[in-house]
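Coordinate inspection notes
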Amino acid sequence: MNQKSINTTVALPTAQTCFLTMFRSAHGAQRARLVIESLRSFGGQLSDCPVWVFLSSPESAAFAFHDIDKVHFIPLIAEEKFRHYLFAEKVYACAQAEELAGTSVRSLVWLDSSCLIVNSPTLFDLAPSFDAAFRPVHIKNIGSPAQETPGDFWRAIYKTVGVKDIPFTVESFVDSQTLRPYYNTHCFAANPSTGLFQAWLNHFKIMISDQAFQSGPCGDELHQIFLHQAILSALLVKQLDPDRMRTLPPAYSYPLHLHQQVPPARQPRSLNDLACPVYEEVYRYPDTLNGLPVHEPLKSWLMKRMPSA
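Values in this document were obtained by computation on a predicted structure and should not be read as measured data.

With that out of the way, let us pick up the confidence of the model for the protein. Mean pLDDT for the protein: 92, with 92% of residues reaching 70 or above. Every residue in residues 1–10 is under pLDDT 50, and counting partners more than four places away or in other chains gives 22 contacts.

Written out as structure tokens, the structure is:
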């Protein structure tokens with residue numbers, strides 16, 4: 001891959017929608033490049049939107065995206081005492097993007113480097129009717145069942161965020177559990193004018209610093225992994241009007257890594273029917289599709305860019 005000088009000065013985009021991602025290694029750069037290429041190839045009316053790529057380490061800047069237009073590289077600014085925590089850099093990147101966004105930006109769209117764009121993801125464009133777009137979680141995991149009293153973990157989050165009432169529930173996609181609001185964070189969109197991401201960072205730092213919480217309800221790895229997700233879910237309840245919150249359909253953040261566990265009635269006919277699927281770990285074609293069919297022209301595109309088993 002050819003090198004180029006990295007543009008670390010972001011010119012505020014005039015586009016209404018701006019995409020965000022990040023990486024911290026050579027492998028991460030390859031994955032980030034793939035999701036950006038997929039946006040440019042299959043993103044439809046959003047394919048030409050600016051992409052802000054946050055760099056968590058200086059050496060990661062050596063991996064070039066010289067042939068992709070409107071990609072801006074931004075050194076991640078994160079406090080050392082917090083950045084070691086699981087997914088802290090993601091939270092910092094979103095808050096930093098919110099600060100950089102100009103008044104013309106209505107949709108900041110986060111894409112994990114494990115995402116793919118396979119059709120125009122038009123529902124990420126929030127204007128004028130929505131302030132956020134999120135997909136409920138795939139599985140219950142650490143979620144709070146609606147029919148049960150919230151446990152210590154969720155009670156602590158609700159107290160810190162200031163949530164006193166839970167006006168609605170969500171259903172996890174794969175295992176069909178009715179939960180208090182709990183959202184997936186592989187891909188999502190928010191209007192920067194809401195201040196949602198800065199609030200996310202502020203409360204995340206508070207809960208990381210709470211030693212009693214960290215050694216108690218959040219003392220195991222699973223709760224630490226999903227703490228960022230739980231806090232953001234609580235903030236969506238606290239800060240946003242439910243009528244201005246778009247619930248994304250299954251075509252967004254469809255879990256390729258869980259495809260075999262998805263009830264048959266909820267499985268898509270092919271990868272081509274989705275908008276923004278997500279995979280986990282290393283992408284290897286066609287193994288990562290877990291038996292989901294793929295048709296042209298997407299099939300040839302993937303075969304050209306994906307390592308084969």
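Given a rise of 1.5 Å per residue, 13 residues ought to cover 18 Å, and the 19 Å separating the end C-alpha atoms of helix H3 (residues 88–100) matches this to within 8%. Among the residues making up H3, those that are buried are Ala88, Glu89, Lys90, Val91, Tyr92, Ala93, Cys94, Ala95, Gln96, Ala97 and Glu98.

Another point: the packing of aromatic side chains. By the definition in use, this model includes 15 aromatic pairs. Each ring, one from Tyr85 and one from Phe204, has its centre 5.7 Å from the other, and the planes form 85°; the classification is edge-to-face. Note that Tyr85 is positioned in the loop between helix H2 (80–83) and H3 and Phe204 in helix H5 (residues 196–209), a separation of 119 residues in sequence. Relative accessible area serves as the criterion here: at 1%, Phe204 is assigned to the buried category. With centroids separated by 4.9 Å and ring planes inclined at 10°, the aromatic side chains of Phe134 and Phe188 adopt a geometry described as stacked. Separated by 54 residues along the polypeptide, Phe134 in strand S5 (residues 132–134) and Phe188 in strand S8 (residues 187–190) bring together distant segments of the chain. Assigned by exposure class, Phe134 and Phe188 land together as buried. Three or more aromatic residues joined by ring pairs form one cluster here, namely Phe134, Tyr183, Phe188, Phe197 and Trp200.

Read across the sheet, seven strands follow the order S3-S2-S1-S4-S8-S5-S9 without closing on themselves; strand pairing throughout is mixed. Only two strands of the sheet have a single neighbouring strand rather than two, namely strand S3 (71–75) and strand S9 (245–247). Taken pair by pair, the neighbouring strands of this sheet meet at an average axis angle of 25°, ignoring direction. Across four bridges, the pairing between strand S1 (residues 17–23) and strand S4 (residues 107–111) is parallel. When the sheet's bridge partners are listed, Cys18 is paired in S4 with Leu108.

Our focus in this paragraph is the environment of Tyr254. Relative to the helices and strands, Tyr254 resides in strand S10 (residues 252–255). With 20 residues separating them in the primary sequence, Tyr254 and Leu274 have C-alpha atoms 7.5 Å apart.

Moving on to the packing of helix H1 (residues 26–42) against helix H9 (residues 298–305). Here H1 crosses H9 at 155°, and the two axes come no closer than 12 Å. Relative to H9, the element H1 is oriented roughly antiparallel. When you trace H1 past H9, the crossing you get is right-handed. Across the interface between the two elements, Leu34, Glu37, Ser38, Ser41 and Phe42 from H1 touch Leu298, Trp301 and Arg305 from H9. For the contact of H1 with H9, a count of residues per class yields four nonpolar, two polar and two charged.

About the thresholds
- Residues numbered from 1 in each chain as written.
- Predicted model: local features only at pLDDT ≥ 70, side-chain atom pairs only at ≥ 80, totals over all residues.
- Heavy atoms only, no water.
- pLDDT = per-residue confidence, 0-100.
- Contact = heavy atoms within 4.5 Å.
- Helix = DSSP H or I, 4+ residues; strand = E, 2+ residues; numbered from the N terminus.
- Expected span 1.5 Å × (residues − 1).
- Buried < 20%, exposed > 50% of the residue type's maximum accessible area, 1.4 Å probe, protein only.
- Phe/Tyr/Trp six-rings, centres within 6.5 Å; stacked < 30°, edge-to-face > 60°.
- Pairing = 2+ DSSP bridges.
- Axes fitted to C-alpha atoms, helices over the stretch in contact; angles between N-to-C directions.
- Parallel < 35°, antiparallel > 145°, perpendicular 65-115°, else oblique.
- Left-handed = near helix turned anticlockwise from the far one by under 90°.
- Nonpolar A, V, L, I, M, F, W, Y, C, P; charged D, E, K, R; others polar.

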